[in-house]
Amino acid sequence: MTIARLHKTGRERRPLDPIESADRETIDRVKLERLKWTVRHAYENVRVYREKMRKAGLTPDDIKSLEDVSKIPFTYKPDLRRSYPYGMFAVPMSEIVELHASSGTTGKPTVVGYTRGDLDNWSTLMARTMNMAGIGSGDIVYVALGYHWFTGGLGFHYGALRLGATAVPAGTGFTRRNIEMIRDLGATSVAAVPNYMIRMAEVAGEMGVDLREETRVETALLGAEMWTEEMRGKIEAAWGIEAFDVYGMSELYGPGTGGECHVHEGIHVWEDHFLVEVVDPKTGEPLGPEEKGVLVVTPLTHEALPLLRYWTNDITRIIDSRSCDCGRTMQRIDRIQGRADDMIIVNGVNVFPSSIESGLLSVEGVTPNYRIIVYREGGLDKMRIEVEAEPGVDRRLYRILEGRIRSVLRNIVLMNPVVEVLEPGTLERVEGGKAKRVIDLRG
């Protein structure tokens, strides 16, 4: 049965709050007031910050302008881990109403706490972000993200409720059931990890479900992992939808630090709640607009877990333009290019997996199911790319595809990678979590 789509052409996407389109003087005044508040809040209530600032010869009174933020020492993830579980909290546990934590796969997890005020702010930020994608009352938002320690699921859930939309707390896994429910419930938007949208499209094909014709889904709200414009194209083609990039991380409430509007020219950062900088990954010195570096974020309204100059490790740039056709005037950053610690160094050449993905998916006939294997042989670094062909591609064409991919990637990695095109379904799938794209065997 074919279900008619709910066309949203021209649907209301104007800012929810006046501050989203305020003039620069108003935005900066709010930012400075809140920066002064959060610095004092952290200094007076978190021992780690008191020690850091005293060591740097600073007190809260030294923060007189937005530029003064650069005087404050950075906060790194190990700072949070060393303070596990509650050492970075600025309020008593009696005021904490919700806890989340990172996975802790590389050490102690980082624990994030929320006061009622924090949850209210987070809901507002997510509502703004989802509103930019046209979500509102009457929408059914299918949240195919984890509802546990991970902040993703509840972030989109809270945002949907704030907008008056219907939230479906689906969670991850059970892909066939998710496809059935997306269709049967008439979901109009899906929140997920990008690779899971690809996985659901793949399984839908196996089930004989045409997502473009048999569902009402019109938008996807995607984040939690690096994804490229080429990946966006694959997702939008498979589902017949418009996909929006949503940025955030657990330490910054979760998703909702910023997101894309319908113009899709960068991520609008909610500047009244976050002060962002881009710094040189080696020196930590602030970089100018359009210069690529590490994103550093200072939340301005966090009550439970104030963070001063949090080193996200995400690579991006600040876009040198405040104006956007959507009418919002807040700062924009480019979509995340990758993480500084994800960068692969191959024979002295720095390569981001996102660059490889862009090149790989520019070749017709292959899917976004791939992995990058780096190893040493004969004293040199070698790279092997394994990628699945699209269903229906004749196996006799695999060698031709391998040559095309090798030709494209040669200019990206500055070497001749080994490329193998595999049959569909060969590589292991991740049912809803982040995809592991890189396997480094060099030890």
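Right above here is the structure, for reference.
This write-up is about the structure you can find in this document. (Residues numbered from 1 in each chain as written. Predicted model: local features only at pLDDT ≥ 70, side-chain atom pairs only at ≥ 80, totals over all residues. Heavy atoms only, no water.)

Let's shift gears to the overall build of the protein chain. Secondary structure summary: the protein chain contains 11 helices and 20 strands in total. In terms of principal-axis extent, the alpha carbons of the protein chain reach across some 70 × 60 × 40 Å. In the protein chain, buried positions account for 55% of the 443 residues. Within the protein chain, contacts between residues at least 6 apart in sequence are counted, and of these 68% link residues at least 24 apart. Split by element, the accessible area of the protein chain, about 19,100 Å² in all, is 49% carbon and sulfur. For the protein chain, the separation between the mean place of its 57 positive charges and that of its 64 negative charges on side chains is 3 Å. (Helix = DSSP H or I, 4+ residues; strand = E, 2+ residues; numbered from the N terminus. Buried < 20%, exposed > 50% of the residue type's maximum accessible area, 1.4 Å probe, protein only. Contact = heavy atoms within 4.5 Å. Areas by Shrake-Rupley, 256 points an atom, 1.4 Å probe, with all protein chains shown as cover. Lys, Arg positive; Asp, Glu negative; His and termini not counted. Charge placed at Lys NZ, Arg CZ, Asp CG, Glu CD.)

Our focus in this paragraph is the environment of G359. By the secondary structure assignment, G359 is in helix α10 (residues 353-361). Sequence separation of G359 and K31 is 328 residues, and the distance between their C-alpha atoms is 39 Å. Beyond its immediate stretch of four places on either side in the chain, G359 contacts V408, L409 and I412.

Tracing the backbone through its elements, the reader meets E98 in strand β1 (residues 98-101). No salt bridge is formed by the buried E98, whose closest oppositely charged neighbour, R116, lies at an N-O distance of 8.6 Å. Of the polar contacts made by the side chain of E98, one reaches the side chain of Y158; its length is 2.6 Å. Apart from the residues within four sequence positions on either side, E98 is in contact with V112, G113, Y114, L119, W122, L154 and Y158. (Salt bridge = Lys/Arg side-chain N within 4 Å of Asp/Glu carboxyl O. Polar contact = N/O pair within 3.5 Å; in protein donor to acceptor, adjacent residues only side chain to side chain.)

Okay, the environment of E420 next. One can find E420 in strand β19 (residues 418-422). Taking relative accessible area as the criterion, E420 reaches 28% and is therefore assigned partly exposed. With 21 residues separating them in the primary sequence, E420 and R399 have C-alpha atoms 8.3 Å apart. Here E420 is in contact with R384, I385, E386, V387 and E402, once residues within four sequence places are set aside.

Considering all chains together, one arrives at 41 salt bridges under this definition. Across the pair R339 and D314 runs a salt bridge whose closest N-O atoms are separated by 2.9 Å. Taken together, the positions of R339 in strand β14 (residues 338-339) and D314 in strand β12 (residues 310-316) put the pair 25 residues apart, joining distant regions of the chain. On the basis of relative accessibility, which here comes to 25%, the residue R339 falls in the partly exposed class. A salt bridge links D381 to R442, with the shortest nitrogen-to-oxygen separation between them at 3.2 Å. With a gap of 61 residues between them, D381 in strand β18 (residues 380-389) and R442 in the segment after β20 (438-440) connect regions that are remote in the sequence. Take D381: its relative accessible area is 8%, and that puts it in the buried class. On the basis of relative accessible area, R442 is assigned to the partly exposed category, the value being 26%. Each of D17, E20, R34, R128, D272 and R328 takes part in salt bridges that share partners, so that together they form one network.

Geometric descriptors of this kind do not, in isolation, establish any biological role.
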